[in-house]
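# Understanding the architecture of this molecule
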Amino acid sequence: NTSDYVKILDFGLAKLLGSGSGEQNHRTSSGSVLGTPHFMAPEQCEGKANVDGRADLYALGLTLYEALTARYPWETSEPPVNRPAPDPRELSGFSDLAPDLVTVLLKSIAPRRAERFGSAMEFGVALRQVRHARRRVLGMAPVNVAMNSGGPGETSNSNPFVSHLITLYSQSRRSNAGTRGMD
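The shown structure was predicted, so the numbers you read here are calculated from the model rather than taken from an experiment.

### Some points on the overall build of the protein
Tallying secondary structure elements over the protein gives 5 helices and 2 strands in all. Helices (α) and strands (β) of the protein occur, in sequence order from the N terminus, as β-β-α-α-α-α-α. Per-residue burial over the protein gives 25% buried out of 183 residues. Partitioning the contacts of the protein with sequence separation of at least 6, the portion at a separation of at least 24 is 47%. Here the protein has roughly 12500 Å² of accessible surface; of this, 53% comes from carbon and sulfur atoms.

### Topic: the packing of helix 2 (residues 54-69) against helix 4 (residues 120-128)
Axis angle and axis distance: for two packed helices, these are the angle between their axes and the distance between the axes, and together they describe the pair. Closest axis-to-axis distance for the helix 2/helix 4 pair is 11 Å, and the angle between their directions is 25 degrees. In terms of axis orientation, helix 2 runs roughly parallel to helix 4. Considering the relative orientation of helix 2 and helix 4, their crossing is right-handed. Across the interface between the two elements, Leu57, Leu60, Gly61 and Leu64 of helix 2 pack against Ala120, Phe123 and Leu127 of helix 4.

### Let's talk about unusual backbone geometry
Even without being a glycine, Ala70 presents a positive backbone phi close to 65 degrees. Structurally, Ala70 is set in the loop between helix 2 and helix 3 (99-108). Phi is positive for Asn82, close to 60 degrees, though the residue is something other than glycine.

The rules behind the values
- Residues numbered from 1 in each chain as written.
- Predicted model: local features only at pLDDT ≥ 70, side-chain atom pairs only at ≥ 80, totals over all residues.
- Heavy atoms only, no water.
- Helix = DSSP H or I, 4+ residues; strand = E, 2+ residues; numbered from the N terminus.
- Buried < 20%, exposed > 50% of the residue type's maximum accessible area, 1.4 Å probe, protein only.
- Contact = heavy atoms within 4.5 Å.
- Areas by Shrake-Rupley, 256 points an atom, 1.4 Å probe, with all protein chains shown as cover.
- Axes fitted to C-alpha atoms, helices over the stretch in contact; angles between N-to-C directions.
- Parallel < 35°, antiparallel > 145°, perpendicular 65-115°, else oblique.
- Left-handed = near helix turned anticlockwise from the far one by under 90°.

Okay, structure coming up:
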């Protein structure tokens, strides 16, 4: 029953229109470059004739990278040849991504296809072995900090957003020293 899930069928062009005779051509010619350059594997961008299923897995890996980080890995319109994607943990707000997830992600978009997953089955097995998307930082427990100026009738800060920020950036009830090392 496919009503419980979505299947991704193709990352390329679904069909090409014929040469004006009304025919539809469902094949691509050898050596032609077709697809969305943003998601094309480097070997596709180079127009190589022996592109295989790893190119689709590359596109899936790029989709996963963007789904996790909300950005394309490079500052270009297409993947640069022989340049690996930056580790997403280097981006602000993603330093706590689980190492296992990052390993799978970067392998899926490796610039050399021999370094990528050989099949969708292999990619799927690797993803299923990732237990958590983010790692837990050990030794960091939330700290409740009451913020008031000590004036008559004032109570601790009741704004939940401010309380959350105080918890995130405070390691000590007396000082905020050394709190920026987590980002």
